[in-house]
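Each chain is listed here by its residues.
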Amino acid sequence: MHIGYPYLALIIAGLAAIIWGLPAAHRLQKPYDIAAALAVLAGVAVTVLGILLTIIPSFFR
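Please read these numbers as outputs of a predicted model, since none were measured by experiment.

S.K.: Break down helix H2 (residues 30–55) for me, with residues and values.
M.R.: Taking 1.5 Å as the rise per residue, H2 with 26 residues should run 38 Å; its terminal C-alpha atoms sit 39 Å apart, in good agreement. Taken together, the buried positions of H2 are Asp-33, Ala-36, Val-40, Gly-43, Thr-47, Gly-50, Leu-53 and Thr-54. If you follow the buried residues of H2, they end up packed against helix H1 (8–27).

So, in structure tokens, the structure goes:
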């Protein structure tokens, strides 16, 4: 079984967006909290994609 180690950066970046965005979505003022909530959504998507590509590196081939 081959593990795609380069895709671990996607997992780290996604988790960083989630960790920053969750408290920021509640702390920031009204127009900026939407950007933080979208960062959390993108972080979840990037993390899931990174986990998928780390476990199955040739998934999209």
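Alright, that's what it looks like, and here's the rest.
S.K.: Kindly report on the environment of Leu-10, identifying the contributing residues and their values.
M.R.: One can find Leu-10 in helix H1. Separated by 35 residues in the primary sequence, Leu-10 and Ala-45 have C-alpha atoms spaced 9.8 Å apart. Every residue in contact with Leu-10, bar those within four places of it in the chain, is listed here: Val-46, Thr-47, Gly-50 and Leu-53.

S.K.: Report on H1, specifying residues and quantitative values.
M.R.: Between its first and last C-alpha atoms H1 spans 29 Å; for 20 residues at 1.5 Å apiece the expected length is 28 Å, and the two agree. The sharpest bend along H1 measures roughly 30° and falls at Gly-21, with the proline Pro-23 sitting one to four residues further on. Within the span of H1, buried status applies to Ile-11, Gly-14, Ile-18, Gly-21 and Ala-24. In this fold, the buried residues of H1 make contact with H2.

S.K.: So what's going on with the packing of H1 against H2? Which residues, and what values?
M.R.: For any two helices packed against each other, one specifies the inter-axial angle together with the distance between the axes. Running from amino to carboxyl end, H1 crosses H2 at an angle of 155°, the nearest separation of the two axes being 7 Å. Classified by the angle between their axes, H1 and H2 sit roughly antiparallel to one another. As for how H1 packs across H2, the hand of that crossing is left-handed. Its residues assigned to classes, the contact of H1 with H2 comprises 18 nonpolar, 6 polar and 1 charged.

Conventions adopted
Residues numbered from 1 in each chain as written. Predicted model: local features only at pLDDT ≥ 70, side-chain atom pairs only at ≥ 80, totals over all residues. Heavy atoms only, no water. Helix = DSSP H or I, 4+ residues; strand = E, 2+ residues; numbered from the N terminus. Expected span 1.5 Å × (residues − 1). Buried < 20%, exposed > 50% of the residue type's maximum accessible area, 1.4 Å probe, protein only. Contact = heavy atoms within 4.5 Å. Bend = angle between axes of the 7 residues up to and from the residue. Axes fitted to C-alpha atoms, helices over the stretch in contact; angles between N-to-C directions. Parallel < 35°, antiparallel > 145°, perpendicular 65-115°, else oblique. Left-handed = near helix turned anticlockwise from the far one by under 90°. Nonpolar A, V, L, I, M, F, W, Y, C, P; charged D, E, K, R; others polar.

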